[in-house]
Amino acid sequence: MEDASNAGARYWSLAAPELMTALQSAAAGLSAADAAQRLRRLGPNTVEEQARVSALRLLLRQFASPLVLILVFGAAISLFLRNWIEASIILAIVLGSCLLGFTQEFRASAAVAELRRRLALTVRVLRDGEPRAIPAAELVPGDVIELAAGCLVPADGIVLAAKDFLLSEASLTGESFPVEKRPGTVPPETPLARRTNCVFAGTSVRSGTARALVAETGPRTAFGAVAARLKARPPETEFARGVRQFGYLLVRVMVLIVIFVLVVNQALGRPALESLLFAVALAVGLTPELLPAIVSVTLSHGARAMARSGVMVRRLEAIENLGSMDVLCTDKTGTLTAGVISLDAAVDAEGRPSREVAELAYLNAALETGIENPLDAAIVAAGERDGLAVAGRAKIDEIPYDFIRKRLTIVVAGEEPVHHLIVTKGAFTTVLAVCATADAAPLDGAARERLVAYYRQKSAEGFRVLAVATKRVAAKDRYERTDEAGMRFAGFLLFFDPPKPDAERTIRDLAALGVRIKIITGDNRYVAAHVAEAIGLDPHAMLAGEELARMKDEALWQRAPGTELFVEVDPQQKERIIRALQRTGHAVGYLGDGINDAPALHAADIGVSVDQAVDVARDSADIVLLRPDLDVLRRGVEDGRRTFANTLKYIGMTTSANFGNMVSMALATPLLPFLPLAAKQILLNNFLSDLPLVTVSTDRVDAARIERPQRWRVRDVRRFMIVFGLVSTAFDLLTFALLLQVFATDEATFQTAWFIVSVLTEIAVVMVLRTGGPAWRSAPSPLLAWTSVVVGLAALALPALAPLASALGFVPLPWALLGTAIAIVAGYVLCTEAVKLAFFPRGAPG
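Residues numbered from 1 in each chain as written. Predicted model: local features only at pLDDT ≥ 70, side-chain atom pairs only at ≥ 80, totals over all residues. Heavy atoms only, no water.

## Some remarks on the pattern of salt bridges
Then comes step 1: Under the counting rule described, the total for this entry stands at 34 salt bridges.
Then comes step 2: Arginine 505 serves as the salt-bridge partner of aspartate 509, at 3.2 Å between the closest nitrogen and oxygen. Here arginine 505 and aspartate 509 lie together in helix α16 (residues 503-512), a separation of 4 residues that amounts to about one turn.
Then comes step 3: We note a salt bridge from arginine 550 to glutamate 546, for which the minimum N-O separation is 3.9 Å. Of this pair, arginine 550 and glutamate 546 both sit in helix α18 (residues 545-550), 4 residues apart, which is roughly one turn of that helix. Of the two residues examined, arginine 550 and glutamate 546, each falls in the exposed class. (Salt bridge = Lys/Arg side-chain N within 4 Å of Asp/Glu carboxyl O. Helix = DSSP H or I, 4+ residues; strand = E, 2+ residues; numbered from the N terminus. Buried < 20%, exposed > 50% of the residue type's maximum accessible area, 1.4 Å probe, protein only.)

The structure is reproduced here in structure tokens:
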């Protein structure tokens with residue numbers, strides 16, 4: 001097969017038969033066997049490789065951490081100096097930490113891969129002459145694909161056949177208006193924006209249908225070339241920004257402690273290697289080196305829990321944003337209303353039931369080939385129920401719907417060959433604007449007022465109202481938008497979509513979680529106000545699109561937070577509303593499922609769509625609901641906050657405990673005749689104390705942590721770390737005093753006793769700080785509890801395991817000393833509990 005780019009000319013300049021020959025394809029598409037062979041040779045149709053990372057690469061990635069490399073460097077120095085035991089212990093701990101991180105991340109990546117598989121985009125393609133749905137990643141050059149309104153274009157190619165086919169190419173060209181595409185050829189030097197015979201990956205279909213021949217896939221597409229040049233990173237989420245700032249905080253603290261310890265040890269004349277390893281161990285001991293693994297595990301665990309509730313997560317980082325969301329913007333259809341729209345009546349201009357209006361609406365809806373929508377489906381269903389049919393009415397042309405005109409026109413053959421019948425259906429105001437008569441009488445001011453009054457009355461009763469107009473014209477070959485003029489106003493279509501019975505309760509439940517609902521809809525103000533009042537929103541807190549268009553941004557910033565209904569808005573205004581709410585400090589979610597929702601979904605902090613949405617909406621979303629139900633989203637918000645709270649638990653607890661221990665050792669270094677802990681003991685301490693925290697993703701979360709939006713605040717983490725770290729340091733210094741002054745311990749006994757105290761306090765503090773209330777009232781998850789017990793027993797047993805204890809520098813402790821150590825731990829737990837209840841009633845930061 002010859003690539004399109006090597007076919008002797010640019011593929012857009014080739015006629016369809018010529019390009020098919022170059023690609024060794026046909027109008028019936030490729031065979032399944034041929035397509036499979038091309039896929040193996042050319043690779044998947046993806047701009048960025050999203051294949052699952054192999055187990056070996058994931059394992060090697062664990063060793064790429066700078067902290068791990070520092071430890072390996074220290075072990076290499078020990079090996080060079082023939083300190084075999086020291087080197088072996090360091091390497092064993094490094095290997096254990098890396099294997100633990102690998103195991104957890106491997107399971108997490110498998111879960112994420114499964115979620116991505118379930119959400120993968122599909123495309124209709126001709127294989128072996130038959131249309132079938134396949135994953136878009138399996139497309140190859142030479143495939144023939146079918147496109148319709150709402151589809152994302154999956155690859156570059158030429159149009160073979162099209163009907164009223166409009167593409168949105170803003171992602172490539174910046175052009176905000178849809179562009180019509182037709183079969184044909186253009187010169188080789190034609191720039192991308194003027195290739196009217198081409199479709200491009202990453203663009204979306206706004207209306208109509210087409211069949212296209214795929215010429216380029218994956219990184220060879222125009223979209224792929226742009227992505228390869230820019231290598232643009234996705235916007236940093238609040239969660240990622242918090243982790244980065246937290247890393248900067250740790251680096252500053254580590255640098256100060258390491259420099260202090262090195263200077264003191266050198267001043268005291270201690271061996272340089274021993275001092276270096278001790279300083280490195282201190283730095284590592286302060287760092288939660290399992291943070292990447294634990295974050296991945298916690299988020300993937302949360303994603304699996306959310307999937308069981310009907311919420312699919314496309315980006316794991318979005319879970320944090322879902323938890324911090326305090327404003328949710330949504331259209332009313334399908335989320336606040338039942339979403340089962342029915343045609344209640346077709347009436348004439350006087351409001352009387354009209355068979356003619358029903359027939360005209362049926363012709364328009366049944367023959368249109370543009371955007372599929374529930375209103376047309378309701379018209380067709382009602383028409384078929386009443387025995388209407390399009391037999392004998394040949395379709396001549398179609399003027400597709402767009403979001404500017406807000407109407408759609410069908411032209412059918414008239415009763416006489418020299419005449420055609422134009423039938424227009426759409427929003428009342430835009431249809432009325434192109435009408436000159438009604439019931440054979442001119443539409444003067446009084447007549448228009450009567451129509452407007454009827455429209456407002458029915459809208460206020462909760463009906464969605466469309467208008468129908470018609471005109472008999474002399475036959476011609478092609479019709480344009482200018483033909484929509486001088487029409488006869490035929491009548492109204494009344495649709496009913498009642499509010500969901502549980503919508504008001506769900507809105508109250510979301511309000512109890514600190515999430516306010518705002519409706520953003522293109523519907524008229526009267527029907528929106530009716531729905532809002534029925535579900536408990538304020539119908540008077542309203543802003544119409546016409547008024548919004550006249551507002552400056554500063555004025556919108558003032559109005560948006562207090563507004564609950566944004567009505568009669570254009571698609572481009574949705575994004576502006578989202579930006580205004582964000583500008584005033586809100587974390588904004590947007591729930592949308594239509595073609596015109598993609599910009600708002602991109603702009604929102606958390607984009608939410610539904611599984612039945614059009615491709616472009618699903619691809620723009622961070623979260624996908626398996627059904628359009630706000631109660632499902634409410635459960636997703638709770639799961640998101642639970643996941644985020646558990647992540648912050650790990651960070652708060654491990655940094656405060658580690659910080660306290662490291663400060664204690666740094667202070668004790670100049671005062672003791674020996675190091676308080678050997679480097680290998682510090683690393684083992686850090687490893688053992690992290691083991692229970694790996695299971696923190698399974699832990700229970702206080703109800704109070706779920707009832708309000710969660711935000712990452714580095715200052716809270718810093719304050720938490722310092723306060724509880726210094727409480728730990730105070731008890732460490734008490735331990736040092738008892739060991740030296742009361743028990744007069746030697747180096748090995750001192751290090752053993754303090755190792756046990758350090759491990760037990762780090763485990764015990766987990767039970768205290770995991771909840772904001774009294775610790776005895778909140779039971780940990782069974783897995784966290786049992787892991788903590790096992791690690792605690794292991795720490796107590798280590799000094800008695802002779803060969804291992806000797807290698808680690810431990811010795812058995814006298815019973816009196818062991819009992820004193822346990823008493824110190826108990827006192828530390830009680831003191832930490834008191835400090836928590838006094839200064840941190842919410843527990844760990846968040």
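## Quick word on helix α28 (residues 782-797)
Then comes step 1: Taking 1.5 Å per residue, 16 residues should reach 22 Å; α28 reaches 22 Å between its end C-alpha atoms and fits that length.
Then comes step 2: Among all positions in α28, only Leu784, Thr787, Ser788, Val791, Gly792 and Ala795 are buried. Mapping the buried residues of α28 onto a view down its axis gives an arc of 135°, with all of them on the same face. Along α28, exposed side chains directed more than 90 degrees from the buried face belong to Pro782, Trp786, Val790 and Leu793.
Then comes step 3: Where the residues of α28 are buried, they touch α24 (679-690) and α27 (747-769). (Expected span 1.5 Å × (residues − 1). Arc of directions from axis to C-beta. Contact = heavy atoms within 4.5 Å.)

## Examining the pairing of strand β21 (residues 588-591)
Then comes step 1: Side chains Val588 and Tyr590 of β21 all project onto a buried face; the interleaved residues Gly589 and Leu591 project onto the opposite face, where all are buried too.
Then comes step 2: Pairing of β21 with strand β22 (residues 606-610) involves 3 bridges; the strand directions are parallel. The residue bridging glycine 589 from the neighbouring strand is isoleucine 606, located in β22. (Pairing = 2+ DSSP bridges.)

## Remarks on a nonpolar patch on the surface
Then comes step 1: Together, Trp786, Val789, Leu793, Leu796 and Ile822 give the surface a local cluster of nonpolar side chains, amounting to about 500 Å² of exposed area.
Then comes step 2: For leucine 793, a relative accessible area of 53% corresponds to the exposed category. (Patch = residues over 30% accessible without salt bridge, like charges linked within 9 Å, V, L, I, M, F, W, Y side chains within 5 Å. Areas by Shrake-Rupley, 256 points an atom, 1.4 Å probe, with all protein chains shown as cover.)

## Considerations on unusual backbone geometry
Then comes step 1: The residue aspartate 128 is not glycine, and still its phi comes out positive at about 55°.
Then comes step 2: With respect to the secondary-structure elements, aspartate 128 resides in the loop between β1 (122-127) and β2 (130-135).
Then comes step 3: Its identity is not glycine, yet alanine 744 carries a phi of approximately 50°, on the positive side.
Then comes step 4: Among the secondary structure elements, alanine 744 is positioned in the loop between α26 (714-742) and α27.

## Some words on α16
Residues three or four positions apart in an α-helix share a direction because the helix packs 3.6 residues into each turn.
Then comes step 1: Taken as a whole, α16 has its buried residues at Ala503, Thr506, Ile507 and Leu510. Taken end-on, α16 shows its buried residues confined to a sector of 100°, consistent with a single buried face. Of the exposed residues in α16, the ones pointing more than 90 degrees away from its buried face are Arg508 and Ala512.
Then comes step 2: Those residues of α16 that are buried lie in contact with β18 (516-520) and α23 (630-668).
Then comes step 3: Of the residues flanking the end of α16, it is glycine 514, one or two places downstream, whose phi is positive at about 80°.

## Overview of the sheet that holds β22
Then comes step 1: Here 8 strands make up an open sheet; going across it, the order is β8-β23-β22-β21-β9-β18-β20-β19 and the pairing mixed. Sheet topology places β8 (311-313) and β19 (542-544) at the edges, where each strand pairs with a single neighbour. Averaged over all pairs of adjacent strands, the angle between strand axes in this sheet comes to 20°, irrespective of strand direction.
Then comes step 2: Sheet strands in contact with helix α17 (residues 525-534) are β19 and β20 (565-567), and its direction is about 155° off that of β20. (Axes fitted to C-alpha atoms, helices over the stretch in contact; angles between N-to-C directions.)

## Thoughts on empty space enclosed by the protein
Then comes step 1: Tallied over the entire structure, the rule returns 5 cavities of 30 Å³ or more.
Then comes step 2: Empty space within the second largest cavity amounts to approximately 80 Å³.
Then comes step 3: Lining the second largest cavity are 12 residues; nearest its centre among them are Lys332, Arg464, Phe496, Asp497 and Asp523.
Then comes step 4: Residue assignment for the lining of the second largest cavity shows that the elements contributing at least two residues are β17 (487-496) and α17.
Then comes step 5: Here the residues of the lining of the second largest cavity sort into 5 nonpolar, 3 polar and 4 charged. (1 Å grid on protein atoms, 1.4 Å probe; cavity = no way out; pocket = protein on both sides within 12 Å on 5 of 7 lines; lining within 4 Å. Points joined across faces, edges and corners; volume = space filled by probe spheres on them. Nonpolar A, V, L, I, M, F, W, Y, C, P; charged D, E, K, R; others polar.)

## Observations concerning the environment of alanine 826
Then comes step 1: Tracing the sequence through the fold places alanine 826 in helix α30 (residues 815-839).
Then comes step 2: As a C-alpha pair, alanine 826 and alanine 764 span 62 residues in sequence and 8.6 Å in three-dimensional space.

## A look at the side chain of threonine 221
Then comes step 1: Following the sequence through the fold, threonine 221 ends up in the loop between β7 (204-216) and α7 (222-230).
Then comes step 2: Given a relative accessible area of 1%, threonine 221 falls into the buried group.
Then comes step 3: At 2.8 Å, the side chain of threonine 221 and the backbone oxygen of glycine 218 are in polar contact.
Then comes step 4: With sequence-adjacent residues up to four places away left out, threonine 221 is seen in contact with Ala155, Asp156, Ala201 and Glu216. (Polar contact = N/O pair within 3.5 Å; in protein donor to acceptor, adjacent residues only side chain to side chain.)

## Observations regarding the packing of α23 against α24
Then comes step 1: At a minimum axis distance of 12 Å, the contact between α23 and α24 shows a crossing angle of 160°. What the angle tells us is that α23 and α24 run roughly antiparallel. Remark: the crossing between α23 and α24 carries right-handed chirality. Touching Tyr650, Thr654, Asn658, Asn661 and Met665 of α23 are Ile682, Asn685, Asn686 and Asp690, all from α24.
Then comes step 2: Taken together, the residues that form the contact of α23 with α24 break down as 3 nonpolar, 5 polar and 1 charged. (Parallel < 35°, antiparallel > 145°, perpendicular 65-115°, else oblique. Left-handed = near helix turned anticlockwise from the far one by under 90°.)

## A look at the packing of aromatic side chains
Then comes step 1: Scanning all chains against the criterion turns up 14 aromatic pairs.
Then comes step 2: Centroid distance phenylalanine 736 to phenylalanine 750: 5.4 Å. Interplanar angle 35°. Geometry classified as tilted. Here phenylalanine 736, found in helix α26, pairs with phenylalanine 750, found in helix α27; they are 14 residues apart in sequence, far enough to count as distant.
Then comes step 3: Overall, phenylalanine 736 belongs to the buried group, its relative accessible area being 6%.
Then comes step 4: You can call phenylalanine 750 buried: its relative accessible area is 0%.
Then comes step 5: For the pair phenylalanine 755 and phenylalanine 810, a centre-to-centre distance of 4.6 Å together with 40° between the ring planes defines the contact as tilted. Of this pair, phenylalanine 755 sits in helix α27 while phenylalanine 810 sits in the loop between α29 (802-808) and α30, placing them 55 residues apart in sequence. The two residues phenylalanine 755 and phenylalanine 810 agree in class, both being buried.
Then comes step 6: These aromatic residues form a ring-pair network of at least three members: Phe428, Tyr454, Tyr455, Phe489, Phe492 and Tyr526.
Then comes step 7: Its guanidinium or amino end placed over the ring of tryptophan 12, arginine 195 lies 3.5 Å from that ring's centre, counting from NZ or CZ. (Phe/Tyr/Trp six-rings, centres within 6.5 Å; stacked < 30°, edge-to-face > 60°. Lys NZ or Arg CZ within 6 Å of the ring centre and 35° of its normal.)

Just distances and angles here, no functional claims.
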